[in-house]
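Report on the structure
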Amino acid sequence: MKRMIKPSIPEHSDDPRVTIALTVNGETVSRTVSVRMLLSDFLRHELGLTGTHVGCEHGVCGCCTVHIDGKAGRSCLTLAVQANGADIRTIESVANGDGTLHPVQQAFKECHALQCGFCTPGMVMNIVNRFEEPGPLDLTDNGIRDMLSGNLCRCTGYINIIAAVRRAAELMGRA
Amino acid sequence: MKPSLFGYHAPKTLAEAGAILAQDADATVLAGGQSLLPAMNFRVAAPSALVDIQHVEGLKGISIKDGAIAVRAMTRHREFELDEQVRQANPLVAEVMQHVAHVPIRNRGTVVGSLCHADPSAEMPLLLTLLGGSVIAQGPNGAREIAAEDFFTSFLTTARKSDELVIEARFPLLPAGAGWAFDEVTRRHGDFALVGVGCIVTLDAQGKVQTIQLAACGIADRPVRLTEAEAMLKGSTLTPDLDAAANASLSAVVAPDDMHASASYRRRALKALITRMVTKAASRVRPGAPS
Ligand SMILES: Cc1cc2nc3c(=O)[nH]c(=O)nc-3n(C[C@H](O)[C@H](O)[C@H](O)COP(=O)(O)OP(=O)(O)OC[C@H]3O[C@@H](n4cnc5c(N)ncnc54)[C@H](O)[C@@H]3O)c2cc1C
Ligand code: FES
Ligand code: FES
């Protein structure tokens, strides 16, 4: 029988490659990558940080949200070369070193704000960043819906995620 | 869902960026990437080379001069939205900005990038058209100012030449005491507008319309000033003439039926929005107040 199972990874690539150096979760990393590598693929494939999820690769689902120089952004709409010199934070850096959860993660857990969990890293990175921004937060239902509007969840129906954002605000003394 | 191959340049100066654009007509400017990268990931766009302008010196920041807010090319949507000086000088900006995508997209996407992308239902091109603003395009032979009405030429198309970089956009301040309003109809908050309408109005001591600016997006291949309605409302006391002025604007809807809405739906949305926005703008007029 013809062998159908075989790796489809090309043995070599003619893509032009660029050496980039950036900070990821506080660590300096340097890699030589194809110019067309997306930051999401860089984090997952080059660094093994698979907590950053990839849903749509066109900016709609928000699963790939990371912090780029302190601001939440889509890693699928950022080239790895654009992040040369940048400071990147991913979901892997959010919990404390001893394994205790960040208040936003704690609130998601308490409020049952995740089911399959695919959307959760992006949700958490987005919300963590909103809590880091100076200025008042609109914690009405509409305000929280607006905060979550760039993140899609196919499981929960959002109600518990809205509750979790409000709970996180309580835990952080922002309510 | 990955981009096809391209060359990548990260120039540090305007001159370097200009030289690359002048050499290669297919080379494309990369600003925030929030419109370009989705198109490249879909392979709808396949530029030969990207000119990443994030490190080009002199392209950051917002300043207020000569009666306008000057927004440099790498200014992100979110900076424009939250800038305290901008909020004071032109409160319409923040009102419009909330409708552009979502915060994580606004953190990366640039105001000028949105203007250059020229989506006919996007909010920034509408805002520039409504205010009668302009952009500054820098080419091999120097810089030129292009008025909004000349800049947006068609669907996703502008008067920018392939060897020009837009370095700045100028959004005029509101006239003294003016009232303002913007709203849009969308399927979901943060989507592109099916129809969006903005209005700026000043009233005289008798409550008659002194000046009025009215514009819409999502109804044609570019944002449009509703000049016929403006002419009908000027000098009027608004209420009796508003319905007729809104009706006179309906012929401006030339966008064909698409998967999001039919032309007749767009006409109904346009009429409702004109009525609401003119009324809301008039209610915010502060007679005698400085701008
Ligand atoms: C999920 C999602 C939802 C969105 N929703 C909305 C919305 O509701 N309303 C809206 O208006 N936008 C929306 N956008 C688009 C967003 O606003 C983009 O940020 C914006 O349209 C483009 O800005 P950018 O800086 O990302 O430009 P890029 O993507 O980098 O560039 C866009 C185009 O402009 C050209 N360009 C950019 N800068 C210059 C320059 N200085 N000189 C010459 N050419 C230049 C590029 O070559 C390219 O052709 C959405 C995007 C996403 C992903
Ligand atoms: S994978 Fe980036 S937004 Fe969906
Ligand atoms: S928990 Fe499954 S997609 Fe959100």
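Residues numbered from 1 in each chain as written. Chains lettered and ligands numbered in written order. Predicted model: local features only at pLDDT ≥ 70, side-chain atom pairs only at ≥ 80, totals over all residues. Heavy atoms only, no water.

**Section: the domain arrangement of chain A**
Residues and elements named next belong to chain A. Formally: Domain segmentation is taken from an automatic or database assignment of domains. By the convention used here, residues are in contact when the closest approach between their heavy atoms is within 4.5 Å. The buried area of a pairing is the accessible area, by a 1.4 Å probe, that goes missing from both parts when the two are put together, added over both. Throughout this description, the term salt bridge denotes a Lys or Arg side-chain nitrogen within 4 Å of a carboxyl oxygen of Asp or Glu. Polar contacts, as used here, are pairs of N or O atoms within 3.5 Å; protein pairs need one atom able to donate a hydrogen and one able to accept it. Residues neighboring in sequence count only if both atoms are side-chain atoms. Going along the chain from the N terminus, every DSSP run of H or I of four or more residues is numbered as a helix, and every run of E of two or more is numbered as a strand. When residues are sorted by character, Ala, Val, Leu, Ile, Met, Phe, Trp, Tyr, Cys and Pro go into the nonpolar class, Asp, Glu, Lys and Arg into the charged class, and all the rest, Gly among them, into the polar class.
For chain A, the assigned domains are domain 1 (17–93) and domain 2 (103–171). Each of domain 1 and domain 2 was reduced to a C-alpha centroid, and the two centroids are 22 Å apart. Contacts between domain 1 and domain 2 engage 17 residues on the former and 15 residues on the latter. On the domain 1 side of the contact with domain 2, His53, His67 and Ile91 bury the most area, a combined 37% of that side's loss. Our count for the contact surface shared by domain 1 and domain 2 stands at one salt bridge. The shortest N-O distance in the salt bridge between Glu132 and Arg89 comes to 3.0 Å. In this structure, the connection of domain 1 to domain 2 is made through eight residue pairs in polar contact (both at pLDDT 80 or more). Elements with a contribution of two residues or more to the side of domain 1 that touches domain 2: β3 (65–68) and β4 (71–74). Its residues assigned to classes, the side of domain 1 that touches domain 2 shows six nonpolar, eight polar and three charged.

**Some details on unusual backbone geometry**
It is generally the case that most residues other than glycine have a negative phi and that most peptide bonds are trans. Residue and element names in this part refer to chain B. The following threshold applies: In this scheme, a residue with accessible area under 20% of its type's maximum is buried, one over 50% is exposed, and one in between is partly exposed, where area comes from a 1.4 Å probe on protein chains only.
If you check the backbone angles, Arg43 has positive phi at about 60° while not being a glycine. Here Arg43 shows up in the loop between α2 (36–41) and β3 (49–52). Unlike most non-glycine residues, Ala101 shows phi in positive territory, near 50°. For Ala101, the position within the fold is in the loop between α5 (92–97) and α6 (103–108). Accessibility expressed as a relative area gives 19% for Ala101, which makes it buried.

**Some thoughts on the sheet that holds strand β5 (residues 87–89) of chain A**
Strand pairing within a sheet occurs via backbone hydrogen bonds; the two strands may be parallel or antiparallel. All names here are of chain A. Condition: The rule for pairing is simple: two strands pair if DSSP sees at least two bridges between them. Here the axes come from fitting lines to C-alpha atoms, over the contacting stretch only for helices, and the angles between their N-to-C directions go from 0 to 180 degrees.
Pairing is mixed across the open sheet formed by five strands, whose spatial order is β2-β1-β5-β3-β4. The outermost strands of the open sheet, each flanked by one partner alone, are β2 (27–34) and β4. In this sheet, neighbouring strand axes are inclined to one another by 40° on average, regardless of whether the strands run parallel or antiparallel. Bridging between strand β1 (residues 17–24) and β5 involves two bridges; their strand directions are parallel. When the sheet's bridge partners are listed, Thr23 is paired in β5 with Asp87. The sheet strands contacting helix α1 (residues 39–46) are β1, β2, β3 and β5, and the helix crosses β2 at an angle near 110°. Sheet strands touched by helix α3 (residues 120–132): β3, β4 and β5. Its angle to β3, the strand with the most contacts, is close to 35°.

**A closer look at the layout of surface pockets**
Basically, it comes down to this: The distinction between a cavity and a pocket rests on a 1 Å grid over the protein atoms alone: a 1.4 Å probe fits inside a cavity but cannot get out, while a pocket stays open yet meets protein on both sides within 12 Å along at least five of seven lines, and a residue with an atom within 4 Å of a point counts as lining. Grid points are joined across faces, edges and corners, and a volume is the space filled by probe spheres set on the points.
Space inside the second largest pocket adds up to approximately 980 Å³. Elements supplying a minimum of two residues to the lining of the second largest pocket: α4 (141–148) of chain A together with α3 (77–82), α5, α6 and β11 (179–185) of chain B. Each residue belonging to the lining of the second largest pocket can be placed in one class, and the counts come to 12 nonpolar, 11 polar and 17 charged.

**Comments concerning the domain arrangement of chain B**
Residue and element names in this part refer to chain B. When its domains are assigned, chain B resolves into domain 1 (7–52), domain 2 (62–172) and domain 3 (179–283). Centre-to-centre, using C-alpha coordinates, domain 2 lies 21 Å away from domain 3. On the domain 3 side, the residues contacting the 23 residues of domain 2 number 27 residues. Contact between domain 2 and domain 3 buries roughly 2,100 Å² in total, counting both sides, with carbon and sulfur atoms accounting for 63%. Per-residue buried area on domain 2 facing domain 3 is highest for His99, Leu126 and Leu130; these three make up 30% of the total on that side. At the junction of domain 2 with domain 3, the criterion picks out zero salt bridges. At the level of secondary structure, the elements contributing two or more residues to the side of domain 2 that touches domain 3 comprise α5, α8 (123–131) and β8 (152–154). In terms of residue count, the dominant contributor to the side of domain 2 that touches domain 3 is α8 (six residues).

**Side note on a nonpolar patch on the surface**
Threshold: Residues with no salt bridge and a relative accessible area higher than 30% make up the patches, which join like charges within 9 Å and nonpolar side chains (Val, Leu, Ile, Met, Phe, Trp, Tyr) within 5 Å. Note on areas: Shrake-Rupley, 1.4 Å probe, and residue coverage restricted to the protein chains presented here.
The grouping of Met1(B), Phe42(B) and Val44(B) at the surface amounts to a nonpolar patch, some 320 Å² of accessible area in total. Position of Met1(B) among the secondary structure elements: in the segment before β1 (7–9).

**A word on the environment of Gly235(B)**
Residues and elements named next belong to chain B. Locating Gly235 in the fold gives a position in the loop between α10 (227–233) and α11 (239–249). For Gly235, a relative accessible area of 41% gives the class partly exposed. Taking the C-alpha atoms as reference, Gly235 lies 8.9 Å from Asp204; in sequence the two are 31 residues apart. Other than its neighbours up to four places away in sequence, Gly235 contacts Lys208 and Val209.

**Here's the deal with the pattern of salt bridges**
What the rule picks out here adds up to 22 salt bridges over all chains. Here the salt bridges share partners, and the residues they tie into one network are Arg130(A), Glu133(A), Arg78(B), Glu81(B) and Arg106(B).

**So, the packing of helix α2 (residues 103–110) of chain A against helix α5 (residues 159–171) of chain A**
All names here are of chain A. Operational definition: Angles are sorted into four bins: roughly parallel if under 35 degrees, roughly antiparallel if over 145, roughly perpendicular if 65 to 115, and oblique for all others. Take the far helix as your reference; a near helix turned counterclockwise from it by less than a right angle gives a left-handed crossing, and one turned clockwise gives a right-handed crossing.
At their nearest, the axes of α2 and α5 sit 8 Å apart, and the two run at 135° to each other. On the basis of the axis angle, α2 is oblique to α5. In the packing of α2 onto α5, the handedness of the crossing is right-handed. Along its contact with α2, which presents Pro103, Val104, Gln106, Ala107, Phe108 and Glu110, the element α5 presents Ile161, Ala164, Arg167, Ala168 and Leu171. Class assignment of the residues belonging to the contact of α2 with α5 gives a composition of eight nonpolar, one polar and two charged.

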